Amino acid sequence: MKIASLTCKEVNPDTTVDDYLAFELLRAQGHSIDELIWDSPQNWEEYDLVIVRTTWDYMEKLELFHKVLAEIDSKTKLINPLETLIWNSNKKYLLELGEIGIPTIPSLLCEKIERSEITTLLSDPKYSDGIVIKPCVGASSIGIQFIKDVSDFKEVQKGEWFIQPLQPKIQEVGEHSLFFFEGKFSHAICKLPRQGEFRCQEEYGSNISNWSPTIEAVQVASRVFTELKYPINYARVDLLQDNNGNYQVIEVELIEPCLYLSTSTNAPGNYAEMISGLLK
């Protein structure tokens, strides 16, 4: 069968792109796989399955992205499903996770962040370790700021932003990412930021390693599948520990997560098995 894997015109060379490990297995089964730029004209009906992968510029043209996804969905099978992708394209979903009881980092939603507000928050003991602000539509830490003093704050454009307290354990034990295919746990990694850095992406110099998750970590991440109403084929669930060592969901990546298949011998097969199942 024919599979399309969606990408973008410019893929950051400093990021991990290792889907080919699973694609090799699928090609060995007789399937064909084309990597297509998502916002270029395509005959989507030629494909039995379209999977959204390295579409890392979608946040810059979100309305067009949603339109293209809807077009694909009208002509063939899209994964993750359309409603799931649209829901996941704005980080306000974290508020919904908190409402249904999934532990998340406390987040204030703002349309405009003023310097005076930052000054007030810095005097609050909840923000004693610092403030993190991030856009609700974004990826790869673009637009994110860490603020320890009001002088660190850079004016932001009007839009939807989250204000969160820094979780200091990120610099001690890192951020943990758990990967699931059809709700089944596949593998996990630890992303440890370099000294003096709070961002965990490899493009900022973090160390990426395979990780054997605790039972608690798997249980917290798995709640995304058991308690959400949205259908999910593949997911990366990012966790951080609070000061007491309890895991909190910091992000649920359902659109274009790096899958880090090369960190686990079983991961490429798990990914390929999911796609094979969807083709049947």
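Remember, predicted model here, so these are calculated numbers, not experimental data. (Residues numbered from 1 in each chain as written. Predicted model: local features only at pLDDT ≥ 70, side-chain atom pairs only at ≥ 80, totals over all residues. Heavy atoms only, no water.)

Chemist: Help me get a handle on the environment of Thr-214, residues and values and all.
Modeler: By the secondary structure assignment, Thr-214 is in the loop between β11 (207-210) and α6 (215-227). In this structure Thr-214 comes out as partly exposed when scored by relative accessible area, which is 34%. When the C-alpha positions of Thr-214 and Leu-6 are compared, they lie 33 Å apart, and in sequence the two are 208 residues distant. Within the structure, Thr-214 has its side chain in polar contact with the backbone nitrogen of Ala-217 (distance 3.1 Å). (Helix = DSSP H or I, 4+ residues; strand = E, 2+ residues; numbered from the N terminus. Buried < 20%, exposed > 50% of the residue type's maximum accessible area, 1.4 Å probe, protein only. Polar contact = N/O pair within 3.5 Å; in protein donor to acceptor, adjacent residues only side chain to side chain.)

Chemist: Please give an account of the pairing of strand β9 (residues 175-181) that cites residues and values.
Modeler: Burial of β9 is extensive: seven of the seven residues sit out of reach of the surface. Both faces of β9 are covered, namely the face carrying Glu-175, Ser-177, Phe-179 and Phe-181 and the face carrying His-176, Leu-178 and Phe-180. Taken together, the seven bridges between β9 and strand β10 (residues 184-192) define a ladder with antiparallel strand orientation. Paired with Ser-177 across the strands is Ile-189, a residue of β10. Between β9 and β10, which pair antiparallel in sequence order, lie two residues; one of them, Glu-182, sits at a positive phi of approximately 55°. Pairing analysis gives six bridges linking β9 to strand β12 (residues 234-241), with the strands arranged antiparallel. Across the sheet, Phe-179 pairs through a bridge with Arg-236, a residue of β12. (Pairing = 2+ DSSP bridges.)

Chemist: Help me get a handle on the nonpolar core, residues and values and all.
Modeler: Of all hydrophobic cores here, the largest spans 43 residues; its most connected members are Val-52, Tyr-271, Met-274 and Ile-275. With seven residues, the single largest contributor to this core is helix α7 (residues 267-279). Counting residues in each nonpolar core, the second largest holds 26 residues, with Ala-217, Val-220, Leu-239 and Leu-254 among its members. (Core = buried A, V, L, I, M, F, W, Y, C linked by side-chain atoms within 4.5 Å.)

Chemist: Lay out the packing of helix α1 (residues 20-28) against α7 with the relevant residues and their values.
Modeler: Between α1 and α7, the shortest axis-to-axis distance is 8 Å and the interhelical angle comes to 55°. The angle between α1 and α7 falls in the class oblique. Our pair here, α1 against α7, has a crossing hand that is right-handed. Counting all contacts with α1, which are made through Leu-21, Ala-22, Phe-23, Leu-25 and Leu-26, the residues of α7 involved are Pro-268, Gly-269, Tyr-271, Ala-272, Ile-275 and Ser-276. Taken together, the residues of the contact of α1 with α7 break down into nine nonpolar, two polar and no charged. (Axes fitted to C-alpha atoms, helices over the stretch in contact; angles between N-to-C directions. Parallel < 35°, antiparallel > 145°, perpendicular 65-115°, else oblique. Left-handed = near helix turned anticlockwise from the far one by under 90°. Contact = heavy atoms within 4.5 Å. Nonpolar A, V, L, I, M, F, W, Y, C, P; charged D, E, K, R; others polar.)

Chemist: Break down the pattern of salt bridges for me, citing the residues and quoting the values.
Modeler: Opposite charge on two side chains permits pairing when their charged atoms draw close. According to the stated counting rule, one finds 15 salt bridges in the structure shown. Note that Lys-75 is salt-bridged to Glu-45, the shortest N-O span being 4.0 Å. One end of the pair, Lys-75, is in helix α2 (residues 62-75); the other, Glu-45, is in the loop between β2 (32-37) and β3 (49-54), and 30 residues separate them in sequence. Glu-251 is the partner of Lys-91 in a salt bridge, and the nearest nitrogen-oxygen pair spans 3.7 Å. Of the two residues, Lys-91 sits in the loop between α3 (82-88) and α4 (93-99) while Glu-251 sits in strand β13 (residues 247-253), which places them 160 residues apart along the sequence. Connected via shared salt-bridge partners are Glu-175, Lys-191, Arg-236, Asp-238 and Glu-253. (Salt bridge = Lys/Arg side-chain N within 4 Å of Asp/Glu carboxyl O.)

Chemist: Could you give an account of the sheet that holds β2, naming the residues involved and the relevant values?
Modeler: Spatially, β2-β1-β3-β4 is the arrangement adopted by the four strands of the open sheet, whose pairing is parallel. The two strands at the open ends of the sheet, each matched to only one other strand, are β2 and β4 (77-79). Taken pair by pair, the neighbouring strands of this sheet meet at an average axis angle of 25°, ignoring direction. Here strand β1 (residues 2-7) runs beside β3; their pairing, made up of five bridges, is parallel. In the strand pairing of β3, Thr-7 is matched with Thr-54.

Chemist: Lay out unusual backbone geometry in plain terms, naming residues and giving numbers.
Modeler: Of note, the amide linkage connecting Ile-79 to Asn-80 takes the cis form, showing an omega dihedral of -10°. Within the secondary structure layout, Asn-80 lies in the loop between β4 and α3. At Glu-182, a position not held by glycine, the phi torsion is positive, near 55°. Relative to the elements of secondary structure, Glu-182 occurs in the loop between β9 and β10. Residue class for Glu-182 comes out partly exposed when judged on its relative accessible area of 39%.

Chemist: Describe the packing of aromatic side chains, naming the residues involved and giving the relevant values.
Modeler: Inspection of the entire model under this criterion finds ten aromatic pairs. Between the aromatic rings of Phe-23 and Tyr-271, the centroid separation amounts to 6.4 Å while the plane-to-plane angle is 35°, which identifies the pairing as tilted. Pair noted here: Phe-23 is in helix α1 and Tyr-271 is in helix α7, with a separation of 248 residues, a long-range link. In textbook terms, an aromatic cluster arises when at least three aromatic residues are bridged by ring pairs, as seen for Phe-23, Phe-181 and Tyr-271. The lysine or arginine in question, Lys-2, covers the ring of Tyr-47, its NZ or CZ lying 4.7 Å from the ring centre. (Phe/Tyr/Trp six-rings, centres within 6.5 Å; stacked < 30°, edge-to-face > 60°. Lys NZ or Arg CZ within 6 Å of the ring centre and 35° of its normal.)

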